[in-house]
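# Inside the fold
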Amino acid sequence: MRERPLGQSGIEASAVGFGAWAIGGWMWGGTSEAESIQAIHAAIDAGIDLIDTAPMYGFGTSESILGKAIRDRRDKVVLATKCGLVCNTRSGEFKFNSDAMGPNPDGHVGVFVLLTPESIRTELEASLKRLQTDHVDLYQTHWQDSTTPIAETMGALMDLKREGKIRAIGVSNASSAQMDEYRKIGPVDSDQEKYSMLDRAIEADQLPYCDKNGIAVLAYSPLAQGLLTGKVGPDRKFADGDQRLRNPRFSVESRRRIAKMLEAFKPIAKAHDVTLSQLTIAWTLAQPGLTHALCGARTPAQARENARAGDVELTADELRTIAAAVEACAAQT
Ligand SMILES: NC(=O)c1ccc[n+]([C@@H]2O[C@H](COP(=O)([O-])OP(=O)(O)OC[C@H]3O[C@@H](n4cnc5c(N)ncnc54)[C@H](OP(=O)(O)O)[C@@H]3O)[C@@H](O)[C@H]2O)c1
């Protein structure tokens with residue numbers, strides 16, 4: 001497994017990370033605590049150290065499960081969590097109603113983006129308790145809050161860093177202009193953005209910006225929530241409460257189009273003796289400026305399979321062939 005720096009923080013983290021959103025259950029049709037813990041252990045045993053979660057993933061469930069899983073192996077993990085999405089407030093910027101996103105254990109609540117110093121401090125203390133640790137390695141602002149000056153947010157994060165409660169600061173869903181504002185106050189070590197073969201918007205702004213400024217880029221949803229694994233055939237059914245049930249990208253027509261694209265990858269996958277998931281992750285990690293791929297996994301088998309992609313190196317020719325098939329697929333939408 002390749003390790004790559006998290007910006008200028010001095011922390012190295014596995015290029016393939018474990019994304020812990022799905023194990024929170026909410027928006028993913030539920031979770032099994034025992035299987036999730038086994039998946040996390042399998043990931044660590046297979047060389048993954050970067051694990052990404054957030055308080056919003058299952059309203060604390062993901063962090064609590066992760067806390068149990070790493071209690072006896074905290075030193076093997078580069079622990080990343082987030083702040084900024086809260087549901088105990090009417091302040092900040094309204095983001096969504098949780099009932100529109102599926103039922104959750106706290107009832108149907110409004111979720112706000114809030115990054116005031118007081119809220120960040122309260123959120124971090126709750127995360128540390130759930131994660132059963134005294135520090136977070138990478139603390140990220142989950143979404144950006146237009147109601148709080150970035151200087152105040154970053155000032156609070158720098159204070160937490162000085163206190164030793166967090167070791168590095170990252171942002172997520174942020175533009176390069178917003179990163180400029182953060183960086184007036186202190187170093188930004190990572191930017192977490194949606195990126196996969198099917199979601200390449202950051203190639204225009206955040207990727208080149210981060211590459212130029214030594215900021216790690218953590219791709220989220222690199223498997224397009226499972227679509228790029230080659231294992232979501234036309235017959236796959238999603239459980240109630242699974243966001244994919246109503247996502248047009250998971251329509252049978254879209255699945256067929258993506259299956260055709262994946263077909264073109266098979267000779268390359270065969271040549272490397274890897275699966276389509278592994279090929280997809282390896283392609284993602286080969287993109288200029290893209291440093292880490294956060295791959296969601298709910299089972300030990302998925303975690304092990306994804307981890308192995310951290311050792312796959314594709315040639316320039318193979319990368320070009322894959323890119324051409326991706327572009328042909330995009331042209332059909
Ligand atoms: N910052 C943000 O705003 C933000 C937003 C989204 C995600 N994230 C982060 O990014 C991480 C990854 O994104 P994601 O979970 O949305 O999507 P993803 O990694 O693209 O896909 C994850 C899903 O794909 C399926 N899968 C994964 N590996 C597989 C394999 N080897 N074989 C077959 N199926 C496999 C699993 O679902 P099934 O088994 O159910 O099919 C899994 O839950 C999240 O966990 C989270 O940490 C951050």
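The structure we're discussing is the one just above.
Definitions and limits used
Residues numbered from 1 in each chain as written. Predicted model: local features only at pLDDT ≥ 70, side-chain atom pairs only at ≥ 80, totals over all residues. Near = placed C-beta within 6 Å. Helix = DSSP H or I, 4+ residues; strand = E, 2+ residues; numbered from the N terminus. Buried ≥ 20, exposed ≤ 12 C-beta atoms within 10 Å, placed from the backbone. Pairing = 2+ DSSP bridges. Right-handed = clockwise from strand over helix to strand, strands pointing away. Contact = placed C-beta atoms within 7 Å. Axes fitted to C-alpha atoms, helices over the stretch in contact; angles between N-to-C directions. Parallel < 35°, antiparallel > 145°, perpendicular 65-115°, else oblique. Left-handed = near helix turned anticlockwise from the far one by under 90°. Nonpolar A, V, L, I, M, F, W, Y, C, P; charged D, E, K, R; others polar.

## With respect to the site of the ligand
Taken together, 27 residues surround the ligand, and among them Gly19, Trp21, Leu223, Gly226 and Gly296 come closest. Secondary structure elements with two or more residues in the shell around the ligand: β13 (292-296) and α10 (300-308).

## Quick word on the pairing of β13
Of all five residues in β13, five are buried, a share of seventy percent or more. Alternating residues of β13 divide into His292, Leu294 and Gly296 and Ala293 and Cys295, and every residue in both groups is buried. Bridge analysis of strand β3 (residues 16-19) against β13 gives four bridges, and the strand direction is parallel. Paired with phenylalanine 18 across the strands is cysteine 295, a residue of β13. Relative to β13, strand β12 (residues 216-220) is paired through three bridges, and the arrangement is parallel. If you follow leucine 218 over to β13, its bridge partner there is histidine 292.

## Observations concerning unusual backbone geometry
Backbone geometry places methionine 27, a non-glycine residue, at a positive phi of 80°. You can see methionine 27 is positioned in the loop between β3 and α1 (33-45). Take methionine 27: there are 19 C-beta atoms within 10 Å of it, and that puts it in the partly exposed class. For phenylalanine 59, which is not glycine, the phi torsion reads 50° and is therefore positive. Tracing the backbone shows phenylalanine 59 in the loop between β4 (50-52) and α2 (61-70).

## Focus on the pairing of strand β10 (residues 166-172)
Here β10 lies mainly inside the structure; six of its seven residues are buried. Looking at chain direction, strand β9 (residues 136-141) and β10 are connected through five bridges and run parallel. Bridging across to β10, glutamine 140 finds its partner in glycine 170. For the crossover from β9 across helix α4 (residues 150-162) to β10, the handedness is right-handed.

## A short note on α2
With respect to burial, α2 is a largely interior element, eight of its 10 residues being buried. Of the positions making up α2, those classed as buried are Thr61, Ser62, Glu63, Ile65, Leu66, Gly67, Ala69 and Ile70.

## With respect to helix α9 (residues 276-285)
Most of α9 sits inside the fold, with nine of its 10 residues counted as buried. Taken together, the buried positions of α9 are Ser277, Gln278, Leu279, Thr280, Ile281, Ala282, Trp283, Thr284 and Leu285. On its buried side, α9 packs onto β3, β12, α8 (266-272), β13, α10 and α11 (316-331).

## Side note on the packing of α1 against α10
Following both chains from N to C, one finds α1 and α10 inclined at 25°, their axes separated by 7 Å at the closest point. Between α1 and α10, the angle falls in the class roughly parallel. When the axes of α1 and α10 are compared, the crossing they make is right-handed. Counting all contacts with α1, which are made through Gln38, Ala39, Ala42 and Ala43, the residues of α10 involved are Pro300, Gln302, Ala303, Arg304 and Ala307. Its residues placed into classes, the contact of α1 with α10 shows six nonpolar, two polar and one charged.

## Some points on the environment of glycine 24
For glycine 24, the position within the fold is in the loop between β3 and α1. The exposure class of glycine 24 is buried, given the 26 C-beta atoms found within 10 Å. The spacing of glycine 24 and leucine 66 is 42 residues in sequence and 9.5 Å in space, taken between C-alpha atoms. Excluding residues that lie within four positions of it along the chain, glycine 24 makes contacts with Thr31, Tyr57, Gly58, Thr61 and Ser62.

Taken by themselves, the reported measurements are silent on function.
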